[in-house]
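These are the residues of each chain, in order.
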Amino acid sequence: MANVEDFINQLENKQREIMLYFHELLAHQLELEDKIRFKIPFYYHKSWVCYLNPIKNNAVELAFLYGKELSNQQGLLEANGRKQVAGITFSKVVDIPRDQVYEIIQEALMLDEMKSNQRKSKST
């Protein structure tokens, strides 16, 4: 199975640039574990936190597995009819609202931590 960087390097220019930006942030700066699941990159902390999905029109969606539980104070997350997942679609790196996206990622990591603690307390 290919690793995430191999997957990203096979994409078209705009998608590759967006995916590399988020991969650098998630895997290297925030030190989340990355793995190809369901043929796309997923990022793991205590459980699966988010994934990068290359979509039509050379765009990429940064999707959060528990996105519907996030506050979405920034107004960026869209569920698009999904019950649990919510994400943000980007067409260019320059259009990424870095501070707002970073806030969402931090909230997703706190939620992941909280859910992990809840699972531990239920199993004891």
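Here the structure is shown first, and the text comes after it.
Here is a short report on the structure shown in this document. Predicted model, so just to flag it, every value in this text is computed and none were measured.

Here the focus is the sheet that holds strand S4 (residues 59-64). As summarised here, the arrangement of the five strands in space is S1-S2-S3-S4-S5, forming an open sheet in which the pairing is antiparallel. On the outer flanks of this sheet lie strand S1 (33-37) and strand S5 (86-90), each paired with one strand and no other. With direction set aside, neighbouring strand axes in the sheet form an average angle of 25 degrees. The pairing of strand S3 (residues 48-55) with S4 spans six bridges and is classified as antiparallel. Paired with Tyr51 across the two strands is Ala63, which belongs to S4. Packed on one face of the sheet, helix H2 (residues 13-29) meets S1, strand S2 (40-44), S3, S4 and S5 and runs near 170 degrees to S3.

The buried fraction of S4 amounts to six of the six residues, a majority that puts the element mostly inside the structure. Remark: three residues form the turn of the hairpin made by S3 and S4, two consecutive strands paired antiparallel; Asn57 in that turn has positive phi of roughly 60 degrees.

Here the structure, examined in full by the defined rule, presents three salt bridges. A salt bridge links Glu113 to Lys46; the shortest N-O distance between them is 3.7 Å. Pair noted here: Glu113 is in helix H3 (residues 98-123) and Lys46 is in the loop between S2 and S3, with a separation of 67 residues, a long-range link. The partner of Glu69 in a salt bridge is Lys115, and the shortest N-O contact between them spans 3.2 Å. Taken together, the residues Glu69 in the loop between S4 and S5 and Lys115 in helix H3 connect sequence positions 46 residues apart.

Conventions and cut-offs
Residues numbered from 1 in each chain as written. Predicted model: local features only at pLDDT ≥ 70, side-chain atom pairs only at ≥ 80, totals over all residues. Heavy atoms only, no water. Pairing = 2+ DSSP bridges. Helix = DSSP H or I, 4+ residues; strand = E, 2+ residues; numbered from the N terminus. Axes fitted to C-alpha atoms, helices over the stretch in contact; angles between N-to-C directions. Contact = heavy atoms within 4.5 Å. Buried < 20%, exposed > 50% of the residue type's maximum accessible area, 1.4 Å probe, protein only. Salt bridge = Lys/Arg side-chain N within 4 Å of Asp/Glu carboxyl O.

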